[in-house]
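# Chains, contacts and geometry: an overview
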Amino acid sequence: MFSDYLIDFLPRARTIVFFTGAGISAESGIATFRDKDGLWSKFSPTELASVEGFMSNPQRVWEWYQHRRQVLDKASPNPGHFAISKMQELFPNVDLITQNVDRLHQQAGSKDVIELHGNIITNRCFECSTPYTAEIDINSNNLPNCQKCGGKIRPDVVWFGEMLPADAITKAQEVSEMCEIFFTIGTSAEVYPAANLPLLAKQGGAYVVEINPHKTQISDKVDECIRELSGVALPELLNQIGVKL
Ligand code: BV8
Ligand code: ZN
């Protein structure tokens, strides 16, 4: 599955970056965005994952996130998440950058996860940004109000048209430019500025490996394409370097 070059180089690499998208959570039962039965096939991203969408219909957006939280509540990390967590344990300099908001990497034991698009678990006030710390019943549809100003509560995700957390994107760009091996896993590489990271790594001289059952718009720019599910490929990668998950 993986090239002899990669299997020989990986244990010697000084810095490794894993960059993940919705595809790594697909085998945990979390719908991706752009696959045929993905989230965006039913709704348009701008209607639901944007400030305008929330302002025009806060109740609908809130219910969409509550639905995703219900799905996530039944999901657990899959062997792909665990394999990355194991690599972080084994190798000294492994960075993990994710576009995902499901925190399954953290549930699989990964530390210092660089979350480019925030997370779907925590919430804050849409008006005054005060963190909303009261318990939220994921099965209830009622949209809570801020205890400080009465404003509507929103999830701590990064919506389209919103800036990414400056510390997260800066760190992600730095480690991508500096690394020796860069794995881009389960992402269509269509959302910016995250989608620039594999190209930044390539420009910085990294060996770039894509793990994705389908071709993406960066497939012809990477060094190695593994057309396999990440939940199969990543444990196999460990296996090929003599590590049992
Ligand atoms: C920004 C959180 C600066 C919310 C998400 C016009 C106006 C404003 C901005 C723009 C504009 N035009 C372009 C932009 C920039 C815009 C953008 O990139 N748009 C795209 C659509 C063109 N970006 C932004 O707005 C970003 N902010 O630029 O700020 C700015 C500010 C103002 C004005 C201008 C600029 C903010 C982007 C963040 C949006 N938030 N999510 C939520 O989740 O609800 S994005 C969303 O897409 C998710 O985070 C997701 O992670 C991300 C990327 O998708 P993928 O992860 O790649 O998932 P996808 O379904 O696409 O692909 C899955 C892949 O997995 C597939 O390839 C599939 O083959 C593969 N797969 C499937 N199964 C498996 C698998 N692989 C392996 N194993 C498997 N088993
Ligand atoms: Zn408030």
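Before reading further, recall that the structure is shown in the block above.
Before going into details, it helps to say that this report is about the structure given with it. Just so you know, the residues in each chain are numbered from 1, in the order the chain's sequence is written. Working convention: letters from A go to chains and numbers from 1 go to ligands, in the order in which they are written. Since the coordinates come from a predicted model, pLDDT governs what is reported: local features require at least 70, and pairs of side-chain atoms require 80 or more to be given and counted, while whole-chain, interface and lining totals use all residues. Excluded from the side-chain calculation are hydrogens and water; included are all heavy atoms of the structure.

Moving on, we come to the coordination of the zinc ion (ligand 2). Ideal values differ by geometry: the angle at a metal is 109.5 degrees with four tetrahedral donors, but 90 or 180 degrees with six octahedral donors. In this analysis a donor is any N, O or S atom within 2.8 Å of a metal ion (3.2 Å for sodium, potassium and calcium), and since water is not included, sites may seem incomplete. Around the zinc ion (ligand 2), the protein contributes the donor atoms Cys 125 (SG), Cys 128 (SG), Cys 146 (SG) and Cys 149 (SG), at 2.2 to 2.4 Å from the metal centre. Between consecutive donor residues of the zinc ion (ligand 2), the sequence gaps follow C-x2-C-x17-C-x2-C.

Like charges are joined within 9 Å and nonpolar side chains (Val, Leu, Ile, Met, Phe, Trp, Tyr) within 5 Å, but only among residues with over 30% relative accessible area and no salt bridge; these make up the patches. The Shrake-Rupley method, run with a 1.4 Å probe sphere, supplies the accessible areas, and residue values consider only the shown protein chains as cover. Criterion for a salt bridge: a side-chain nitrogen of Lys or Arg within 4 Å of a carboxyl oxygen of Asp or Glu. Nonpolar side chains collect at one region of the surface, where Met 1, Leu 229 and Val 232 lie side by side and expose about 250 Å² of accessible area between them. Burial here depends on accessible area, computed with a 1.4 Å probe over protein chains only, as a share of the maximum for the residue type. Under 20% is buried, over 50% is exposed, and the range in between is partly exposed. Residue classification places Val 232 among the partly exposed positions, given a relative accessible area of 37%.

Strands pair, by our definition, only if DSSP identifies at least two bridges between them. Helix numbers and strand numbers start at the N terminus; a helix is a DSSP run of H or I with at least 4 residues, a strand a run of E with at least 2. Strands sit in the order β5-β4-β6 across an open sheet of 3 strands; the sheet is antiparallel. Strand pairing shows two members of the sheet lacking a second neighbour, β5 (131-132) and β6 (153-157), which therefore form its edges. Bridge analysis of strand β4 (residues 118-125) against β6 gives 4 bridges, and the strand direction is antiparallel. The residue bridging Gly 118 from the neighbouring strand is Val 157, located in β6. Whether two residues are in contact is decided by their heavy atoms: any pair within 4.5 Å suffices. As a rule, the C-alpha atoms of each element are fitted with a line to give its axis, helices using only the stretch in contact, and angles between N-to-C directions run from 0 to 180 degrees. Sheet contacts for helix α6 (residues 58-73): β4 and β6; angle to β4, the most-contacted strand, approximately 140°.

The next thing to look at is the site of ligand 1. The rule for a residue being near a molecule or strand is that one of its heavy atoms must lie within 4 Å of it. Around ligand 1, the surrounding shell holds 35 residues, and the nearest of these are Arg 34, Tyr 65, Arg 68, Thr 187 and Ser 188. Here a polar contact means two N or O atoms within 3.5 Å. Within protein one must be a hydrogen donor candidate and the other an acceptor candidate, and residues neighboring in sequence count only if both atoms are side-chain atoms. Between ligand 1 and the protein, one listed contact pairs an oxygen atom with a side-chain N or O atom of Arg 68 at 2.7 Å. Contacts to ligand 1 include Thr 187, whose side-chain N or O atom sits 2.7 Å from an oxygen atom. Protein burial of ligand 1: of its 1,500 Å² of free accessible surface, 77% is covered by the chains. For the shell around ligand 1, the secondary-structure elements that each account for two or more residues are α2 (23-26) and α6. Lys, Arg, Asp and Glu make up the charged group, whereas Ala, Val, Leu, Ile, Met, Phe, Trp, Tyr, Cys and Pro make up the nonpolar group; the residues left over, Gly among them, are polar. Each residue belonging to the shell around ligand 1 can be placed in one class, and the counts come to 16 nonpolar, 13 polar and 6 charged. As annotated, the domain borders come from an automatic or database domain assignment. Taken domain by domain, the shell around ligand 1 gets at least three of its residues from each of domain 1 (4-30 + 77-117 + 164-240) and domain 2 (45-73 + 124-157).

Attention shifts here to helix α7 (residues 79-90). The terminal C-alpha atoms of α7 lie 16 Å apart, and with 12 residues this matches the ideal 16 Å at 1.5 Å per residue to within 8%. Taken together, the buried positions of α7 are Gly 80, His 81, Ala 83, Ile 84, Ser 85, Met 87 and Gln 88. On its buried side, α7 packs onto β1 (16-20), α2, β2 (94-98), α8 (104-107), β7 (181-185) and α11 (230-240). Measuring from the side-chain oxygen of the N-cap residue of α7 to the backbone nitrogen of Gly 80 gives 2.7 Å; that N-cap residue is Asn 78. One less than the number of residues in a helix, times 1.5 Å, gives the span that helix is expected to have.

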